[in-house]
Amino acid sequence: MRVTNSMMVRNMLDHLQNNMGDLNDLNEQLSSGKLFQMPSDAPIKVSDSMNYKSQINRNDQFQRNLNQAENWLKTTESSLKSATKVIQRARELTIYTANDTMTPEDRETVANEMKQLRDELIDISNAKLGDNYIFSGQKTDQKPFDVNTAGGIGSFVDYKGDISSIERRLNENVQMGVNLNGREVFKKEIEALNKIYNDLSDPTKTGEDIGDNLSGMDDAINKYAELRSEIGGKLQRTGNIADRLEANKVHLRSLKSKNEDADLAKTITELKMEETVYRASLASGSRIMQQSLVDFIR
């Protein structure tokens, strides 16, 4: 095949264009730190990175769900702890007044404290996390109890929430209920404290009548201990899941980085090599162009 000057010039220009393209690609990798800029640069790697990004986003959502669950559980545990103290104090007062040696004035003093304990337990039941009442089931915008001052024994408060569970997805395999409803946790206990208050305020009630309420106090203390144990177990589990989610996040970010981040040391080395090749191409091209011009003059 006959090689002409025009063919040599055209090939030289094509090679220069390719070298400039390679230099540009390496410069972009060096400045951006990424192996590719457009999906067309590396379709498979782009697809892999999108998959990693999707997994990271899902992992982040699990972490947000888990933080919400932990905050809810911790607020619940704190409320149960406070409620236990109220019931324990109510039990002490019940034992203290379960005799007939107290004066009317003493009973009135104890009755007033019992009333405060009753109201405090109602206040504890109205615990909120942000704008959400935590003991109202899924009716988180509704205060769990309304006081019915005209209600008799056993109907002093009306529960306004529901008994639905609030669930949080913590990972691909775990969905956890994070709430307790006020009807199961507080209504019986509020009514019990209200009954003791009424018994103390009623002069016809004897110390023995008041002492009959002790078993209810013991049941409440045991119930709250069991509920706190249940909440503690869930908090332990969320802690373990949190550790796994964080480890998984680090792993996914590492995979994504390896897939798309440029090796700067390697890129710099390749860039220097391409610069050398480009300079050589320019030098070779200049000789071809000079020779072509001389031939043209001849």
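Shown above is the structure to which this text applies.
Residues numbered from 1 in each chain as written. Predicted model: local features only at pLDDT ≥ 70, side-chain atom pairs only at ≥ 80, totals over all residues. Heavy atoms only, no water.

Caption draft 1: Structural context of the overall build of the protein chain. If you tally the helices and strands in the protein chain, you get 7 helices and 6 strands. Among the 298 residues that make up the protein chain, the fraction classed as buried is 37%. Within the protein chain, residue pairs in contact and separated by at least 24 positions form 73% of the contacts whose partners lie at least 6 positions apart. Working note: accessible area of the protein chain is about 17,500 Å², and carbon and sulfur atoms make up 49% of it. (Helix = DSSP H or I, 4+ residues; strand = E, 2+ residues; numbered from the N terminus. Buried < 20%, exposed > 50% of the residue type's maximum accessible area, 1.4 Å probe, protein only. Contact = heavy atoms within 4.5 Å. Areas by Shrake-Rupley, 256 points an atom, 1.4 Å probe, with all protein chains shown as cover.)

Caption draft 2: Structural view of the nonpolar core. Counting 48 residues, the largest nonpolar core has I87, M114, L121, F186, I190, L193 and Y224 as the members making the most contacts within it. If we skip the residues at most four places from it in the chain, I87 touches L121, E189, L193, M217, A220, I221 and Y224. (Core = buried A, V, L, I, M, F, W, Y, C linked by side-chain atoms within 4.5 Å.)

Caption draft 3: Highlighting the pattern of salt bridges. Across all of its chains, the model carries 12 salt bridges by this definition. We note a salt bridge from R89 to E92, for which the minimum N-O separation is 3.1 Å. Placement of both R89 and E92 in helix α2 (residues 43-97) is noted, with a separation of 3 residues, approximately one turn of the helix. For R89, a relative accessible area of 32% translates into the label partly exposed. The partly exposed category is assigned to E92, whose relative accessible area is 46%. Note that K187 is salt-bridged to E191, the shortest N-O span being 3.2 Å. Taken as a pair, K187 and E191 lie in helix α4 (residues 182-201) at a separation of 4 residues, close to a single helical turn. (Salt bridge = Lys/Arg side-chain N within 4 Å of Asp/Glu carboxyl O.)

Caption draft 4: Local environment of the side chain of Q63. Structurally, Q63 can be placed in helix α2. Judged by its relative accessible area of 15%, Q63 falls in the buried class. Every residue in contact with Q63, bar those within four places of it in the chain, is listed here: L245, E246 and K249.

Caption draft 5: Layout of the packing of aromatic side chains. All chains considered together, the criterion is met by 3 aromatic pairs. On the numbers, 4.9 Å between centres and 85 degrees between planes, the contact of F135 with F186 is edge-to-face. Of this pair, F135 sits in the loop between β2 (132-133) and β3 (145-147) while F186 sits in helix α4, and the two are 51 residues apart along the sequence. Under the relative-accessibility criterion, F135 is labelled buried at 0%. With 6.2 Å between their ring centres and 55 degrees between their planes, F186 and Y224 make a pair best called tilted. Here F186 is found in helix α4, whereas its partner Y224 is found in helix α6 (residues 214-260), with 38 residues between them in sequence. Relative accessible area serves as the criterion here: at 0%, F186 is assigned to the buried category. Through a chain of ring-to-ring contacts, three or more aromatic side chains come together here, namely F135, F186 and Y224. The cationic tip of R118 hangs over the ring face of Y197; the distance from NZ or CZ to the ring centre is 5.3 Å. (Phe/Tyr/Trp six-rings, centres within 6.5 Å; stacked < 30°, edge-to-face > 60°. Lys NZ or Arg CZ within 6 Å of the ring centre and 35° of its normal.)

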